[in-house]
Amino acid sequence: MHAWGEISKQISTATNCHFKVKETNAIGGGCINQTYRIADGAQRYFVKLNTTNSLPMFEAEAAGLMEIHQSHTLRVPLPVCYGQNDHYAWLVLEYLTIHNSAHRNASDLGIQLAAMHRVVSNQFGWVRNNTIGQTPQINTTSSDWIYFWQTHRLGYQLDLARIHGFNGKLQNLGEQLLINLNKFFSGVSPVPSLLHGDLWSGNYSYDEMGNPVLFDPAVYYGDRETDIAMTELFGGFPANFYSAYRHDYPLDSGYNIRKVVYNLYHVLNHLNLFGGNYRYQAEQMMNRLLAEIH
């Protein structure tokens, strides 16, 4: 491993406390990065490693974690430092002992997420681009949510799908949907809420005190319904999470169809990353949406 010495020095500088890696334990679960718990006998950190050109991804993740941290709503692992050498890029984070079985505290997650969604900006998007999985996520700011979602979310993924050879029906349905997107927003005016951006069940847990923790964000400011929609896409969020959130911050009418608009972004992203059956799923979702407006 060609990076532990440099990582040790960088941690020492960032924390103003001497650190030298003595223990490295690989941690499974990530499909994008290599992940490790490192320690010197007294201090522990969590490290993500990837190829050297991954540094911008790590910089954006660190910035996203700090954006959530500075909202004073939900706990995140704090960034310590990031860097690169000729072989690797890395991100060093605070090490948290986490537990996945604290569903009794899921209502706290709902309440704190509602608080985070009340942190708003004056524009949709964010100050920098980041990634959704390994796909670039374009966050160019706009005052128009429908335009933002047409252009930087669904349109961007459909363009990638075309580049990857997914043409024909998928593109025809996509074109019809983009033209008619405004019809799903009659009577609602989304505000630019602080979003996690990639809120599936693998990206939340609880610390030793049972407090909710979020990680691996794809932060931007947008309609809060996008976060809630994604929690429903793959499951893993208990009923008391939803009841607590909705009690604290009720969802607007029309959410049950708009969530399909929002989850289509993630299904198209999965199509672009993994191919396979996601094409059929995306087409089915678009057919359902177009049936609502015809």
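Preceding this paragraph is the structure being described.
All figures in this text were calculated on a predicted structure; none of them were measured in a lab.

## Remarks on the side chain of Asn 33
If you trace the backbone, Asn 33 turns up in the loop between β1 (23–26) and β2 (34–39). For Asn 33, a relative accessible area of 15% puts it in the buried group. Among the polar contacts made by the side chain of Asn 33, one reaches the side chain of Asn 50 at a distance of 2.8 Å. Once residues within four sequence positions are removed from consideration, Asn 33 is found in contact with Lys 48, Leu 49, Asn 50, Met 57 and Phe 58.

## Re helix α7 (residues 239–248)
Along α7, the residues that are buried comprise Phe 241, Tyr 242, Ala 244 and Tyr 245. End-on view of α7: buried residues confined to an arc of 165°, all on one side of the axis. Pointing more than 90 degrees away from the buried face of α7 are the exposed residues Ala 239 and His 247. Those residues of α7 that are buried are in contact with α3 (106–117) and α6 (225–233).

## What to know about the side chain of Asp 198
Along the chain, Asp 198 turns up in the loop between β8 (193–195) and β9 (204–206). Nearest to the buried, unbridged Asp 198 among oppositely charged side chains is Lys 48, at 9.1 Å. Not counting the four nearest positions on each side in its chain, Asp 198 is found in contact with Ile 132, Gly 133, Asn 203, Asp 216, Ala 218 and Met 230.

## Details of the pairing of β2
With four bridges connecting them, β1 and β2 associate as antiparallel partners. Bridged to Glu 23 within β2 is Ala 39. Hairpin connection of β2 to strand β3 (residues 44–50): four residues between the antiparallel strands, including Gly 41 at a positive phi of 105°.

Analysis parameters
Residues numbered from 1 in each chain as written. Predicted model: local features only at pLDDT ≥ 70, side-chain atom pairs only at ≥ 80, totals over all residues. Heavy atoms only, no water. Helix = DSSP H or I, 4+ residues; strand = E, 2+ residues; numbered from the N terminus. Buried < 20%, exposed > 50% of the residue type's maximum accessible area, 1.4 Å probe, protein only. Polar contact = N/O pair within 3.5 Å; in protein donor to acceptor, adjacent residues only side chain to side chain. Contact = heavy atoms within 4.5 Å. Arc of directions from axis to C-beta. Lys, Arg positive; Asp, Glu negative; His and termini not counted. Salt bridge = Lys/Arg side-chain N within 4 Å of Asp/Glu carboxyl O. Pairing = 2+ DSSP bridges.

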